[in-house]
Amino acid sequence: MVKSAYSSGKPALGVGPGNTPAIIDETADINLAVNSIIHSKTFDNGMICASEQSVIIDEKIYEIVRQEFISRGCYVLNSEEADKLRKTIIINGSINAKIVGQTANTIAKLAEINVPENTKILIGEVESVDLKEEFAHEKLSPVLAMYKAKDFDDAIYKASRLINDGGLGHTSSIFIDTKQKEKIEKFYSSMHTCRVLINTPSSQGGIGDLYNFRLTPSLTLGCGSWGGNSISENVGVKNLLNYKIVAERRENMLWFRAPEKVYIKKGCLPVALEELKNVMNKKRVFIVTDTFLFENGYTKQVTNKLDEMGIAHTTFSNVEPDPSLATATAGAEQMNNFKPDCIIAIGGGSAMDAAKIMWVLYEHPEVDFLDMAMRFMDIRKRVYTFPKMGEKAYFIAVPTSSGTGSEVTPFAVITDQRTGTKYPLADYELMPNMAIVDANMMMNAPKGLTAASGIDAVSHDLEAIASMMATDYTDGLAIKSLKTIFEYLPRAYEKGAEDEIAREKMADAATMAGMAFANAFLGISHSLAHKLGAYHHIAHGIANALVIDEVLRFNSSPAPTKMGTFPQYEYPNTLRKYAEVAENLGLGGNDDNEKLENLIKAIDELKEKIGIKKTIRDYGVSEEDFLKTLDQMSEDAFDDQCTGTNPRYPLISELKDIYLKAYYGGES
Amino acid sequence: MEYNLTNELAVRSTKNVYRDGDKTIKLFVPDYSKANILNEALNQARVEEGTSLNIPKLIEVRKIGDRWALVSEYIEGVTLESLMNNHPEKMDEYMDLFVNIQLEILENTVPLLSTLKDKFRRKLTEASNINDEIRYELLQRLEGQKNHRKLCHGDFNPSNIIIKENGEHYIIDWAHVTQGNASADAARSFLLFSMQGKASLAEQYLRTFAQKSGIDIRNIQRWVPIVAATQMTKGREEEQAFLSRWIDVIEFQ
C-alpha cells in the first residue's frame, strides 16, 4: 500500500515493515528481558510492527533464558512442530493472513500442533538467519524465533542479517547492563534501524512515550532511506502540519579585522623587534625569506637585532616565486627541529604566503590541506573550522615590496608542485600577529617590481571598493590608499631609493590596500589575473593591470546580466562607487559615466608612467596559445574564490569577452 | 486452400489443434470470442516482427466453416517438457536452458503489446471468486510494483518450448504475451510448475531464475499471490483450493 501511495502522484508519508531482533546479552537482567519480550509479543497478539520477531541469546545464558520463557507460559516447539508451523506462517515468502494477530493457541491449531490453551508465545529454536528460514521473517503474531549466539559479535551479526531480511530502518532491541557502554555503542552503530531500544518491550517502546521519553507516541514508524521511506521518525500530527516561516531581509554581520600590531614609519623595524625580548620574551626565531633577499643582506637587519638581543634564530631562504607545498613542507620540517616561538617572514607575497603555510603545518601537522582549501561563499559562515593558530609561534610579517598586502591579510596561496594546482587559503587565523612596514626594507626594489606591486595595490583598492562586502571602513582605507598611489607611485618608480618619501608613502598605501581587501575581499579582476598568471606566467600585478579597465566597465553596468548575491548589495550601484573614487581623485566629469571614463583614463596614464604595457599580447603571449587556453581560463576564472564578492556575477562567456578585450586592446 | 484436419495434435476445451504438413491449425470452438482469437494472432505477429526470437511464423487467420482458425508454421521437434520427463538425470541442464530462454525473451521489448499490470488489474477487478478484502490487498500490492516493459511470454513452461533435432529451440503459444515485469513472468512459471504438483522443480526453477537474472527471490515471491489470483479467474475447479491458500497472505507495513 505504501508503494502504491508513493506512486499515486500525491505526496505520501510512507512507513515500512519491521523485523525486530532482540539481543539478550550475558549481562542482561534475564527476568526483565524475558518478561518484557513476552509483554511486548502478547500485546495485540504481536500486531505491532515494532514487536520482537526474534530473540538472540548469548549461549552462556541460553538455557536460563529458555527456562524463563517456558516458566512464564511460552511454548518451545520441537523440530517436528517447528516444521509444521513454518508451513503455516509463511506462504511463498509472504505472511499467511490467517495467522495475523491470532493467539498462540489458534495458530498452533492451524498448524495441527497441540499446545496448552493459554500459551503465550510459540517459540522456534532456529539457527539460520537467512530468509529461507520461515522463522526469520516478520510474523505479526505471537510466534518468535530464538537464536543462540556464540558471543556478542555473533549476536550483532545475526541481528543485522535479520534486519536486512525485512526490517531495514525499523527497530532493533537489546537487553543489557547499561554500564556496558562500549557494547551498547557497538550495537547502535551496527543496526540500520531508526529506533534502537534498550531494556524495553519493543512494541510499547517503539510506539513511544510509555517506556522512554525520546520517541513520539505513534503507531506509524518511519524507516528512513534504509527502508525506502521519506521519514525516519515516528509519524505524528507534526508531519501533517505546514510550517510557515516568515523571514525578513537581514544584512549579514560584517567586521573589520587587522593584525593586533601594525608598526609603521621608516626605520621602525629594529624598534619594533625590541618587543620580542622586552614584552614577549621570545627565545627562538625562525626567519623565512627568498634567496635573493637573503644573499643581498635584507635579513641582516633582523638577525643583527636578534643577535644583539641574544635571541636564537635560523633562516629558511629557499622560498621560490609561487611557493610550492614541497617548500612549505620542508620549511615546516625545519621548524619542527628548531622549535621556534616566533616566525618572521621577510619578503614579498611569496615569502609571506610560504611562511604562513609553514606556520600552519608547524602548529597543526594533523590538518588536511584540501579541507582548509575548501571554498566558501562567506568567510564568516564557512563549513570548515580553521585550526587555532599562534599557540606555538608568534607570526611577524615584514614586507619588502609595496603591493601584496599579505602582511595584513588572512590569505595565502600555495601551489601543489605535483599537480600544479593553486590552493588559495583564506581564514583570519592566517592573519599575521604583527606587521612591520618599514620603507627601509623597500628602498632598493627594482623598477619592474615597484611597478607591478604598485599596480597590484591599485587593483586591491578598486576591487575592495567595488566588492559587495565593502564597508565605510574599507572604503576609507582604499580611497586614501588610491590617492596616495596616484600621487607617489610614479615618483617611487622613477626615483627609487632617491625619493624616500615616495617609498614610504607607497609602503603605507599598499598596507592600507591590504587591510581594505582583507575585509572587503576582491573581485573578478583577481579571478582573471590568477588564471592569466597560471596559464601564461604574467606577473600578478601586471595581470591585474591588463584586465582592470574592462572589469571596471563590466562592473559599472546598471543592468548587468546577473547581479551579485549579498543582502547588503541592494541594486547594481557600482558605477556610483567608481564615480566616488574619481571624485576623490579629483578627476572631474559631469556625470557618473564620464567620471568612470576619467578614472579609467587616469589608470591608463598611471600604467603608462610606470611602464606597464597595454595588452596581454604586448606581454608576448602568442595569439595561438592565448586562444587555445581561453575557454579553460574563462571557466577557471569563473570558479575562482574571488568571483563570489564581485558586484556583478559574471557569465563565463562574459569573462571570456573581457579576456579577449584585454588581449587585443579595447573593443575587439 | 483447404486444410487436412485429420492429424489431431491436441484437444482443449476451447480449441482443437491439427497438423497439416508444415502447418499447425488451431481451430477454435464455434462460440469462442473472435476478439480473443484476433488478439492472439496480433500478439503473435507483433512478437514475430518485433523480435528476432525463434517463434513459429503466423501464416493466416481464417474461417473454416463456422469456426475461426489460426494457421502458423509447424515446428518439428520435441518439447522441453518431454525431455525433462524422459531424462530426469539431465534436469539441471534443462532447467538452465529453460531459464536462459526465458531471460532471452525478457531482453526484448515490443511496445504495442498490452501491459502486464493493466491485464492483471483487469483480471483482479473482474475476479468473482476472490473476496473483496483479498482483492483490495492484491490490487494494492500490484499497484506498488514497478512499471517495467519487458517482453513477458505469460505462459512460459517447458511444454511451450520445442527443441528441434539440430538443437535449435522455438517458443510457441504466445496467446498470453504482455509487456511487464520479469518477476511477474517468473512468478507465473513458478506457479505453473507448482500447480503440476512439482514443488521441488518449482523451487529449483525459482533459485535458478533468481541467480541467473540477479533478481531478489523476494521480488518474485511478491508477485506470486497476484499471479495466483489471476489464475483463479480462469475458474478451474480443481485449482481453486490450492490457489486460494496462496493468495490469502498479507504484506504488512
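Given the structure is predicted, the values throughout are model-derived calculations rather than measurements.

*Asks:* Account for the packing of helix α18 (residues 524-536) of chain A against helix α23 (residues 652-664) of chain A, naming residues and giving values.
*Replies:* Between two packed helices, what matters for the description is the angle formed by their axes and the separation of those axes. Residue and element names in this part refer to chain A. Packing of α18 against α23 leaves a shortest axis separation of 11 Å and a crossing angle of 65 degrees. In terms of orientation, α18 and α23 fall into the roughly perpendicular class. Like other packed secondary-structure pairs, α18 and α23 cross with a definite hand, here right-handed. From α18, Ile524, Ser527, Leu528, Lys531 and Leu532 reach across to α23, where they touch Leu655, Ile658 and Tyr659. Of the residues contributing to the contact of α18 with α23, the split by class is six nonpolar, one polar and one charged.

*Asks:* Any details on the nonpolar core? Residues and values, ideally.
*Replies:* A:Leu462, A:Leu552, A:Leu599, A:Ile616, A:Phe626 and A:Tyr659 are the most contacted members of the largest nonpolar core, which has 84 residues in total. With 60 residues, the next largest nonpolar core counts B:Val99, B:Ile105, B:Leu142 and B:Met232 among its residues.

*Asks:* Describe the pairing of strand β3 (residues 23-28) of chain B, with residues and values.
*Replies:* Residues and elements named next belong to chain B. Summarising burial for β3: six of the six residues are buried, a large majority. Across the two faces of β3 the burial is the same, with Lys23, Ile25 and Leu27 and Thr24, Lys26 and Phe28 all buried. As defined by bridge partners, strand β2 (residues 15-20) adjoins β3 across six bridges and the pair is classed as antiparallel. Counted as the bridge partner of Tyr18 is Ile25 from β3. Between the antiparallel neighbours β2 and β3 lie two residues, among them Gly21 with a positive phi of about 65 degrees. Where β3 and strand β5 (residues 67-73) come together, five bridges link them in antiparallel fashion. When the bridges of β5 are listed, Thr24 appears paired with Ser72.

*Asks:* Before we move on, could you go through the sheet that holds strand β12 (residues 312-316) of chain A and cite the residues and values that matter?
*Replies:* Residue and element names in this part refer to chain A. Spatially, six strands are ordered β10-β17-β14-β13-β11-β12 in an open sheet, and the strand pairing comes out parallel. Unpaired on one side and paired on the other, β10 (261-264) and β12 mark the two borders of the sheet. Averaged over neighbouring strand pairs, the angle between their axes works out to 15 degrees when direction is ignored. Taken together, the four bridges between strand β11 (residues 284-288) and strand β13 (residues 342-347) define a ladder with parallel strand orientation.

*Asks:* Please set out unusual backbone geometry residue by residue, giving values where relevant.
*Replies:* Residues and elements named next belong to chain A. Phi at Lys339 is positive, roughly 55 degrees, even though this residue is not glycine. For Lys339, a relative accessible area of 52% translates into the label exposed. One non-glycine residue, Phe521, lies in positive phi territory at about 70 degrees. Within the element layout of this structure, Phe521 appears in the loop between α17 (500-520) and α18. A relative accessible area of 10% places Phe521 in the buried class.

*Asks:* For the interface of chain A and chain B, give the residues involved together with the corresponding values.
*Replies:* Contacts between chain A and chain B engage 26 residues on the former and 17 residues on the latter. At the boundary of chain A with chain B, total buried surface from both sides reaches about 1,900 Å², with 54% on carbon and sulfur atoms. Joining chain A to chain B, the criterion identifies one salt bridge. Connecting chain A to chain B are six residue pairs in polar contact (both at pLDDT 80 or more). For the side of chain A that touches chain B, the elements supplying multiple residues, two or more each, are α1 (2-6), β5 (94-96) and α6 (152-166) of chain A. Residues of the side of chain A that touches chain B, tallied by class, amount to twelve nonpolar, nine polar and five charged. The pairing of β5(A) with strand β11 (residues 249-250) of chain B spans two bridges and is antiparallel. Residue pairing for β11(B): A:Asn96 is matched across the bridge by B:Val249.

*Asks:* Tell me about the packing of aromatic side chains, and name the residues and values.
*Replies:* Residues and elements named next belong to chain A. Inspection of the entire model under this criterion finds 21 aromatic pairs over all chains. With centroids separated by 4.3 Å and ring planes inclined at 15 degrees, the aromatic side chains of Phe626 and Tyr663 adopt a geometry described as stacked. Note that Phe626 is positioned in helix α22 (residues 623-638) and Tyr663 in helix α23, a separation of 37 residues in sequence. Phe626 gets classed as buried once you look at its relative accessible area, which sits at 0%.

*Asks:* Just give me the short version of helix α13 (residues 349-363) of chain A, but keep the residues and values in it.
*Replies:* Counted at 1.5 Å a residue, the expected span for α13(A) with its 15 residues is 21 Å, and the 21 Å between its end C-alpha atoms agrees. Among the 15 residues that make up α13(A), 14 are buried, leaving the element largely enclosed by the rest of the structure.

*Asks:* Account for the sheet that holds strand β4 (residues 58-64) of chain B, with residues named and values stated.
*Replies:* Residue and element names in this part refer to chain B. The strand order β1-β2-β3-β5-β4 describes an open sheet built from five strands, whose pairing is antiparallel. This sheet does not close on itself; its edge strands, each paired only once, are β1 (8-11) and β4. Taken pair by pair, the neighbouring strands of this sheet meet at an average axis angle of 20 degrees, ignoring direction. Contacting β3, β4 and β5, helix α1 (residues 34-50) runs over the sheet at an angle of about 15 degrees to β5.

Definitions and cut-offs
- Residues numbered from 1 in each chain as written.
- Chains lettered and ligands numbered in written order.
- Predicted model: local features only at pLDDT ≥ 70, side-chain atom pairs only at ≥ 80, totals over all residues.
- Heavy atoms only, no water.
- Axes fitted to C-alpha atoms, helices over the stretch in contact; angles between N-to-C directions.
- Helix = DSSP H or I, 4+ residues; strand = E, 2+ residues; numbered from the N terminus.
- Parallel < 35°, antiparallel > 145°, perpendicular 65-115°, else oblique.
- Left-handed = near helix turned anticlockwise from the far one by under 90°.
- Contact = heavy atoms within 4.5 Å.
- Nonpolar A, V, L, I, M, F, W, Y, C, P; charged D, E, K, R; others polar.
- Core = buried A, V, L, I, M, F, W, Y, C linked by side-chain atoms within 4.5 Å.
- Buried < 20%, exposed > 50% of the residue type's maximum accessible area, 1.4 Å probe, protein only.
- Pairing = 2+ DSSP bridges.
- Buried area = accessible area lost by both parts, 1.4 Å probe.
- Salt bridge = Lys/Arg side-chain N within 4 Å of Asp/Glu carboxyl O.
- Polar contact = N/O pair within 3.5 Å; in protein donor to acceptor, adjacent residues only side chain to side chain.
- Phe/Tyr/Trp six-rings, centres within 6.5 Å; stacked < 30°, edge-to-face > 60°.
- Expected span 1.5 Å × (residues − 1).

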